[in-house]
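Per-entry structural report
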Amino acid sequence: MKTENEKLKKVFSYHQQTKHSFHRSADSPNHLDWKNQPDPFRRYHGSSVISLPLETAIESSLYDALYYPDSNVTQTFNLESISCLLRNSMALSAWKQAGESRWALRINPSSGNLHPTEAYLLTPVIENLSSTPMITHYAPKEHGLEQRCLLPESLWKLLSKDFNQPVFFIGLSSLYWRESWKYGSRAYRYCHLDIGHAIAAITLSAASLGWHCQLLENMSAHQQRILLGLPDNHNNETEQPDCLIAITQTKNQNPVLSLPEQAIQKIALCDWQGEANILSHSSVSWDAINAVAVACEKPTTEMIALNEVAVTKKTTQHNYSDLKAQPIIQQRRSAVAMDKQTTIQAEQFFQLLSRLMPEDVETPFNVFISSARVQLIFFVHRIEGLKAGVYCLTRNPEVLNELKQQMNPEFIWEKVKNCPENLPLFCLVEGDAQLLSRQLSCQQEIAAEGCFSLAMLSQFKNVLEKTGACLYPQLYWECGMIGQVLYLEAEAMAIQGTGIGCFFDDPVHEFLGLQEMNFQSLYHFTVGGAVHDDRILTQPAYNIHSQERKRV
Ligand SMILES: Cc1cc2nc3c(=O)[nH]c(=O)nc-3n(C[C@H](O)[C@H](O)[C@H](O)COP(=O)(O)O)c2cc1C
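Here we summarise the structure given alongside this text. Computed from a prediction, not measured in an experiment: that's the story for all the values here.

Some thoughts on the site of the ligand
In the vicinity of the ligand, 22 residues are found, and the nearest of them are Arg332, Arg333, Ser334, Gln444 and Gly499. Side-chain polar atom of arginine 333 to an oxygen atom of the ligand: 2.6 Å apart, as the coordinates give it. One of the backbone nitrogen or oxygen atoms of glycine 499 is found 3.0 Å away from a nitrogen atom of the ligand. Its free accessible area being 620 Å², the ligand has 84% of it covered by the protein chains. Sorting the residues of the shell around the ligand by element identifies strand S4 (101–106), helix H5 (187–208) and strand S19 (496–500) as the ones contributing at least two each. Within the shell around the ligand, the residues separate by chemical class into eight nonpolar, ten polar and four charged.

See the structure below:
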């Protein structure tokens, strides 16, 4: 594929083609071939596994520290702290059992619980973990690191030379087939929403240890493929590298956005161990996904981080002073049904909104150097002190006028009076929005029966034309990150959330009066009092005692 225009055409065509509408769903398999379901766990046969401790002496930080990392509790990089980071971001959180079937749930959510996201670590010499720098794959079922490649100390020095402090990296990749097995052509979107959830899960978990995360936004997919040791061949089980996150103990004043090419080339020549498992006996190729993945393949870029977005406004007082982070992270669960009665207070809602404002929190949205592209449309159902209706939260004040111009002229755009002055929350229309939100979210009752639901409205055609096709997946990442904060905020309020990837795209835009492609809804979400299904047995994620026995 040659020109950027051709790539953009592929993106727009994929996006149109994978819209759900009242009368037609995006192409998906006619039936689910259960015998051929891709293995949810990647393993590298032949590589040795370093077991990570399930219990450590590190005390959980406060929940509020997820959004404002506390430099007084910054942990050093060692076996225990790295284990904690993964245990609170990409690990298993429970096993579920109903009849004969047993399945694992994870700290990071995933559409349909299919988990296309894999994580890799690039680490220096780390106390009690490894006496050599290395590249490993995280195996969540074992909570262990599979050793893929050992690096000479001199190569690590070269790789990390632009950081003036200790650093390690986490790379994320997607296995589209795990998701397209069930969802067909729309799966590419879901994989990238999952990546967004994973980025936020890692960034927030790192914040609880006092650490800072930065996406290495200038790196190409090709460079990342080398660093993660992923094969180049494109078959139906292709694992696509998505992003690399640098983790440091203090915030780098001048963000480093790429790693030296010379070091990457040397790593390509290193000795790699282990062979990736085959996920299913046969796989189905989705042309639409292959085409958009190639069009969005990230080239190297030369973005420069301009002035830091300062955390200027602390809109609301945070009330969760005694709440610990770890239990909230580990208990996160999607609601499968809402109770139609739980309400929250307007103040609680405003507090949750402030966590979604990039200028109100230090993490997780500052992993990107660019400003927010996603605005939020809320369908308010059961919030005491806020009338039912449709509301808009503008996360980036610069798009307010454009939204006003392009959206339904009948919207009233009334600034909500009882909310904190700094919160850009506007009422668009008052009234019962339950039927509307249910209809727009593929008739799913969870969208109507909670306290509120929302559509994530991203800037689209203009920003893609300006930045290039490779921005397309990143727009989903931002939505996934918003979703992850919503999940945790819901748990902190003792209610629950659920991501909604299935919604009717253009009916959302029609309701909002949007005619051009300058804004598109990319993800929905719902928050409310959950109804629990007691028929499903819950078992612990790991058998801690058996690990203790093994160590003895
Ligand atoms: C991107 C994304 C899209 C999702 N879409 C839906 C949806 O449309 N409807 C639904 O009931 N749940 C949806 N979910 C919830 C998942 O089914 C849920 O995360 C998964 O079963 C794992 O359960 P857990 O979140 O409790 O770990 C979605 C989750 C994600 C992350």
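There's more to say after this.
Some details on the packing of helix H1 (residues 4–17) against helix H8 (residues 287–295)
Between H1 and H8, the least distance of the axes is 9 Å, while the angle of their chain directions is 140°. In the packing of H1 onto H8, the handedness of the crossing is left-handed. Mapping the contact onto sequence places Lys7, Lys10, Val11, Tyr14 and Gln17 in H1 and Ala288, Ile289, Ala291, Val292 and Ala295 in H8. Looking at the contact of H1 with H8 residue by residue, the classes come out as seven nonpolar, one polar and two charged.

Describing the pattern of salt bridges
Taken as a whole, this structure holds 18 salt bridges when the rule is applied. Among the ionic pairs, glutamate 142 bridges to arginine 43, the shortest N-O distance being 2.9 Å. One end of the pair, glutamate 142, is in the loop between strand S6 (134–139) and strand S7 (144–150); the other, arginine 43, is in the loop between H1 and strand S1 (44–45), and 99 residues separate them in sequence. In this structure, aspartate 162 engages lysine 161 in a salt bridge whose closest nitrogen and oxygen atoms are separated by 3.4 Å. The class of aspartate 162 is partly exposed, set by a relative accessible area of 39%.

Thresholds applied
Residues numbered from 1 in each chain as written. Predicted model: local features only at pLDDT ≥ 70, side-chain atom pairs only at ≥ 80, totals over all residues. Heavy atoms only, no water. Near = heavy atom within 4 Å. Polar contact = N/O pair within 3.5 Å; in protein donor to acceptor, adjacent residues only side chain to side chain. Areas by Shrake-Rupley, 256 points an atom, 1.4 Å probe, with all protein chains shown as cover. Helix = DSSP H or I, 4+ residues; strand = E, 2+ residues; numbered from the N terminus. Nonpolar A, V, L, I, M, F, W, Y, C, P; charged D, E, K, R; others polar. Axes fitted to C-alpha atoms, helices over the stretch in contact; angles between N-to-C directions. Left-handed = near helix turned anticlockwise from the far one by under 90°. Contact = heavy atoms within 4.5 Å. Salt bridge = Lys/Arg side-chain N within 4 Å of Asp/Glu carboxyl O. Buried < 20%, exposed > 50% of the residue type's maximum accessible area, 1.4 Å probe, protein only.

Geometric values such as these leave the question of function open.
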